[in-house]
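Fold and contact review
Letter by letter, the chains look like this.
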Amino acid sequence: MSKIPVIEMFGPTIQGEGAVIGVKTMFVRTYGCDYRCSWCDSAFTWDGTAKDKVTLLEPEAILNGLLELAGNNFDNVTISGGNPALIGEGMAELINLLHARGIRAAIETQGSRWQDWFCDVDVLTISPKPPSSGMVTDWDMLDNIIDRMRDSGRETCSLKVVVFDTVDYQYAKQVHQRYPWVPLYLQPGNEDVTEEGDISARLLARLEWLFNLVIADPGMNQVKVLPQLHALIWHNKRGK
Ligand SMILES: C[S@@+](CC[C@H](N)C(=O)[O-])C[C@H]1O[C@@H](n2cnc3c(N)ncnc32)[C@H](O)[C@@H]1O
Ligand SMILES: Nc1nc2[nH]cc(C(=O)O)c2c(=O)[nH]1
Ligand code: SF4
Ligand SMILES: [Mg+2]
């Protein structure tokens, strides 16, 4: 039995990002991250401010917690963090438990670590971090992850790059050129994750800015540009 550090579980809500945007899903957010992105919208998963809220849970207790929250009102569970790829055996067990109930598992991770259970995930989102984050991409690791996912023969993997400025945009292009066969989603960065109230006008302005970069760029004919849909609706509210 391997326990998983969980900082929050919530839902049902609507997946707001990437390949399965718009789908009803539960969320499980794991504690701990090997990165420290300057603009992280979930810094409470690693900066110590919510450490007292972490519970170490058996995979079965997580499933039970989700069922308690939502009954049968979900078919999808998104596991995010923090970095869920820091967790080994426990996550493999959780994914098996979900599958045994006919529930699909989606993972949000940044591509800094491999886990064998990636091959069992229904929707794997890898979100390498652009320069504005202050993080440095381990390209060997990312190559390795993308190769292994390709070798697994499952069409479950996509890339998502958050773009704050034109340097980030060039980074996103580099990612696209390196892995042209992997679907790439671009999402504008939320520049103030603490602002209260309605931030939708600010986010939409950044979406239009990103649209215009892609519209003008013949090297980006295949990418999809998406907002953080949940942030347009629920702004910086946590647990949405
Ligand atoms: C909080 S992270 C957790 C999963 C994993 N650590 C990762 O970064 O992919 C979930 C998603 O939110 C994105 N994200 C974090 N902060 C953001 C911000 N300020 N604006 C836009 N997207 C952000 C990340 O890039 C990632 O795609
Ligand atoms: N609704 C909603 N969609 C999301 N997609 C990715 C999220 C994340 O924080 O990983 C997220 C989130 O926090 N909420
Ligand atoms: S990798 Fe994800 S969770 Fe970790 S600091 Fe960056 S955005 Fe936040
Ligand atoms: Mg989020």
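The name given to the protein in an unreviewed UniProt entry is 7-carboxy-7-deazaguanine synthase, and the organism recorded there is Paenibacillus albidus. Recorded under Function (unreviewed entry), the UniProt text for the protein is reproduced unchanged: "Catalyzes the complex heterocyclic radical-mediated conversion of 6-carboxy-5,6,7,8-tetrahydropterin (CPH4) to 7-carboxy-7-deazaguanine (CDG), a step common to the biosynthetic pathways of all 7-deazapurine-containing compounds." Word for word, the UniProt comment on the protein under Pathway (unreviewed entry) is "Purine metabolism; 7-cyano-7-deazaguanine biosynthesis."

1. A short note on the UniProt feature "binding site: Mg(2+)" (unreviewed entry) in the protein
In this numbering, the UniProt entry assigns the feature "binding site: Mg(2+)" (unreviewed entry) to S42. Of note, S42 is situated in the loop between β2 (24-30) and β3 (55-57). The exposure class of S42 is buried, given its relative accessible area of 6%. Beyond its immediate chain neighbours, meaning those up to four positions away, S42 contacts R29 and G81. There is a polar contact of 3.4 Å between the side chain of S42 and the side chain of R29.

2. Comments concerning a nonpolar patch on the surface
A grouping of I14, L229 and I233 is seen on the molecular surface, where their side chains present a nonpolar patch of about 230 Å² in accessible area. Examined against the element boundaries, I14 turns out to sit in strand β1 (residues 4-14).

3. Section: the environment of A43
Inspection of the secondary structure puts A43 in the loop between β2 and β3. Accessibility expressed as a relative area gives 19% for A43, which makes it buried. A C-alpha to C-alpha distance of 9.4 Å links A43 and G32, two positions eleven residues apart in sequence.

4. A look at the packing of helix α1 (residues 59-70) against helix α2 (residues 89-100)
As a packed pair, α1 and α2 sit with axes 8 Å apart at the nearest point and diverge in direction by 45°. Comparing their axes, α2 and α1 come out oblique. The chirality of how α1 crosses α2 is right-handed. Contacts between α1 and α2 involve P59, E60, I62, L63 and L66 on the former and, on the latter, G90, E93, L94, L97 and L98. Grouping the amino acids of the contact of α1 with α2 by side-chain chemistry returns seven nonpolar, one polar and two charged.

5. Here we look at α1
The first and last C-alpha atoms of α1 sit 17 Å apart over twelve residues, in line with the 16 Å expected at 1.5 Å per residue. Taken together, the buried positions of α1 are P59, I62, L63, G65, L66 and A70. Here the buried residues of α1 occupy an arc of 160° about the axis, which is enough to place them on one side. Looking at the packing, one finds that the buried side of α1 touches β1, β2, β3, β4 (76-80) and α2. Looking one or two places after α1, you find G71, whose phi comes out positive at around 55°.

6. A look at the pairing of strand β7 (residues 157-163)
Sheet faces and side chains relate simply in a regular strand, where the side chains alternate between the two faces. Extensive coverage of β7 is indicated by the burial of seven of its seven residues. In β7, alternate side chains face the same way, and those of C157, L159, V161 and V163 on one face and S158, K160 and V162 on the other are all buried. Judged from the three bridges that link them, strand β6 (residues 123-126) and β7 form a sheet pairing that is parallel. Paired with T125 across the two strands is S158, which belongs to β7. Following the chain from β6 across helix α3 (residues 139-151) to the adjacent parallel β7, one finds a crossover that is right-handed. By the bridge criterion, five bridges tie β7 to strand β8 (residues 184-188) in an arrangement that is parallel. Opposite V161, over in β8, you have L186 as the bridge partner.

The rules we used
Residues numbered from 1 in each chain as written. Chains lettered and ligands numbered in written order. Predicted model: local features only at pLDDT ≥ 70, side-chain atom pairs only at ≥ 80, totals over all residues. Heavy atoms only, no water. UniProt positions renumbered as here; feature names shortened; annotations may be inferred. Helix = DSSP H or I, 4+ residues; strand = E, 2+ residues; numbered from the N terminus. Buried < 20%, exposed > 50% of the residue type's maximum accessible area, 1.4 Å probe, protein only. Contact = heavy atoms within 4.5 Å. Polar contact = N/O pair within 3.5 Å; in protein donor to acceptor, adjacent residues only side chain to side chain. Patch = residues over 30% accessible without salt bridge, like charges linked within 9 Å, V, L, I, M, F, W, Y side chains within 5 Å. Areas by Shrake-Rupley, 256 points an atom, 1.4 Å probe, with all protein chains shown as cover. Salt bridge = Lys/Arg side-chain N within 4 Å of Asp/Glu carboxyl O. Axes fitted to C-alpha atoms, helices over the stretch in contact; angles between N-to-C directions. Parallel < 35°, antiparallel > 145°, perpendicular 65-115°, else oblique. Left-handed = near helix turned anticlockwise from the far one by under 90°. Nonpolar A, V, L, I, M, F, W, Y, C, P; charged D, E, K, R; others polar. Expected span 1.5 Å × (residues − 1). Arc of directions from axis to C-beta. Pairing = 2+ DSSP bridges. Right-handed = clockwise from strand over helix to strand, strands pointing away.

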